[in-house]
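Remarks on the overall topology
Each chain is listed here by its residues.
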Amino acid sequence: MSEFEQLVDAHYEALYRFAMSLSKNADTAADLVQQTFCIWAQKGHQLKERDKAKTWLFTTLHREFLALARKAKRYTDEELTEAVAGRMCSEEDDTERQMDGQRALELLGDLDETFRAPLALFYLQQHSYKEIAEILDVPIGTVMSRISRAKDMLRRRMTAEPSSAPKNILQLQPEALRSSHG
C-alpha cells in the first residue's frame with residue numbers, strides 16, 4: 001500500500017465527517033474531501049514534517065470549504081447548504097440519549113460556520129485547541145472563545161427546544177393503581 005493510500009485510509013472518514021458538519025450536504029462533503037486529497041497529491045510532497053499531514057489535510061479542507069462558500073455567494077442566490085441526507089449518529093442502546101445526540105447534531109448544523117467548525121473539530125474529530133487554531137488559521141484564544149460560545153448556544157437551544165422525545169408521557173403512580181384495584 002502506497003503512502004498516499006495509507007493517508008486516505010487513515011483520514012478519509014474523519015475528513016468526510018468534518019466536511020459534512022461544514023457543508024451539511026453529502027455530495028459537497030465528498031467533493032471537498034476529494035479536492036483535499038487532489039491538492040495533497042499535488043502539493044503534499046512539500047510538507048517537511050509528515051506527522052503534520054492530518055492537520056494539513058483538515059486545514060486544506062476548511063480552506064476549500066471557505067472558497068466554495070465565497071464562490072457560491074458570488075454566483076448564486078441559493079444557499080450553499082441543503083438538508084443533511086442522513087443522520088451521523090451511530091446506533092445506541094439508550095434511545096433518549098440517541099435522540100438528544102441527533103438533536104445536538106441538528107442544532108450544530110444550524111450554527112454559523114464560525115462556531116460550527118471549531119466545535120465539530122473539537123468534539124467530533126478530537127483535535128486539540130492548537131490543531132484547530134492551525135486548521136482555521138486563527139489564534140488559540142479565538143478557538144477557545146468560539147468553542148465556549150458555541151457550547152452556550154447549543155445548550156440554550158437544547159433547553160429551549162427539547163429533543164423530539166414523546167411529550168405526552170403519563171406519570172404512573174403505583175399507589176393510585178393499588179387503591180383502585182385493591
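The shown structure was predicted, so the numbers you read here are calculated from the model rather than taken from an experiment.

Let us now look at the packing of helix 1 (residues 3–23) against helix 5 (residues 113–124). Helix 5 packs onto helix 1 with a crossing angle of 155° between their chain directions and a minimal axis gap of 9 Å. When the axes of helix 1 and helix 5 are compared, the pair comes out roughly antiparallel. The hand of the helix 1/helix 5 crossing is right-handed. For the pair formed by helix 1 and helix 5, the contact residues are Arg 17, Phe 18, Ser 21 and Leu 22 on the first element and Glu 113, Arg 116, Ala 117, Ala 120, Leu 121 and Leu 124 on the second. Here the contact of helix 1 with helix 5 is composed, by residue class, of six nonpolar, one polar and three charged.

Mapping Arg 50 onto the fold places it in the loop between helix 2 (26–43) and helix 3 (53–75). For Arg 50, a relative accessible area of 39% puts it in the partly exposed group. Ignoring anything within four residues of it in the chain, the contact list for Arg 50 reads Glu 3, Trp 40, Gly 44 and His 45. From its side chain, Arg 50 meets the backbone oxygen of Gly 44 in a polar contact 2.8 Å long.

Before going further, it helps to spend a moment on the packing of aromatic side chains. Following the criterion strictly, the structure yields seven aromatic pairs and no others. Plain terms: the ring middles of Trp 40 and Trp 56 are 5.0 Å apart, the flat faces sit at 75° to each other, and that makes the pair edge-to-face. One end of the pair, Trp 40, is in helix 2; the other, Trp 56, is in helix 3, with 16 residues separating them in the sequence. What makes Trp 40 buried here is its relative accessible area of 7%. Here the aromatic rings of Phe 122 and Tyr 129 are separated by 5.0 Å at their centres, their planes lie at 10°, and the arrangement is stacked. Through a chain of ring-to-ring contacts, the aromatic side chains of Phe 4, Tyr 12, Tyr 16 and Phe 37 assemble into a single cluster.

This paragraph deals with the environment of Leu 15. Tracing the backbone shows Leu 15 in helix 1. Judged by its relative accessible area of 0%, Leu 15 falls in the buried class. Leu 15 sits 46 residues away from Leu 61 along the chain, and the two C-alpha atoms are 7.6 Å apart. Those residues in contact with Leu 15 that sit more than four places away from it in its chain are Val 33, Phe 37, Leu 57, Phe 58 and Leu 61.

In this structure, Phe 18, Leu 61 and Leu 111 are the most contacted members of the largest nonpolar core, which totals 36 residues. Contributions of two or more residues to this core are made by helix 1, helix 2, helix 3, helix 4 (95–110), helix 5, helix 6 (129–136) and helix 7 (140–160). In terms of residues, this core owes the most to one element, helix 1, which gives seven residues. Sequence-distant contacts of Leu 61, that is, excluding residues within four places in its chain, are made with Leu 15, Phe 18, Ala 19, Leu 22, Leu 32, Val 33 and Thr 36.

The rules we used
Residues numbered from 1 in each chain as written. Predicted model: local features only at pLDDT ≥ 70, side-chain atom pairs only at ≥ 80, totals over all residues. Heavy atoms only, no water. Axes fitted to C-alpha atoms, helices over the stretch in contact; angles between N-to-C directions. Helix = DSSP H or I, 4+ residues; strand = E, 2+ residues; numbered from the N terminus. Parallel < 35°, antiparallel > 145°, perpendicular 65-115°, else oblique. Left-handed = near helix turned anticlockwise from the far one by under 90°. Contact = heavy atoms within 4.5 Å. Nonpolar A, V, L, I, M, F, W, Y, C, P; charged D, E, K, R; others polar. Buried < 20%, exposed > 50% of the residue type's maximum accessible area, 1.4 Å probe, protein only. Polar contact = N/O pair within 3.5 Å; in protein donor to acceptor, adjacent residues only side chain to side chain. Phe/Tyr/Trp six-rings, centres within 6.5 Å; stacked < 30°, edge-to-face > 60°. Core = buried A, V, L, I, M, F, W, Y, C linked by side-chain atoms within 4.5 Å.

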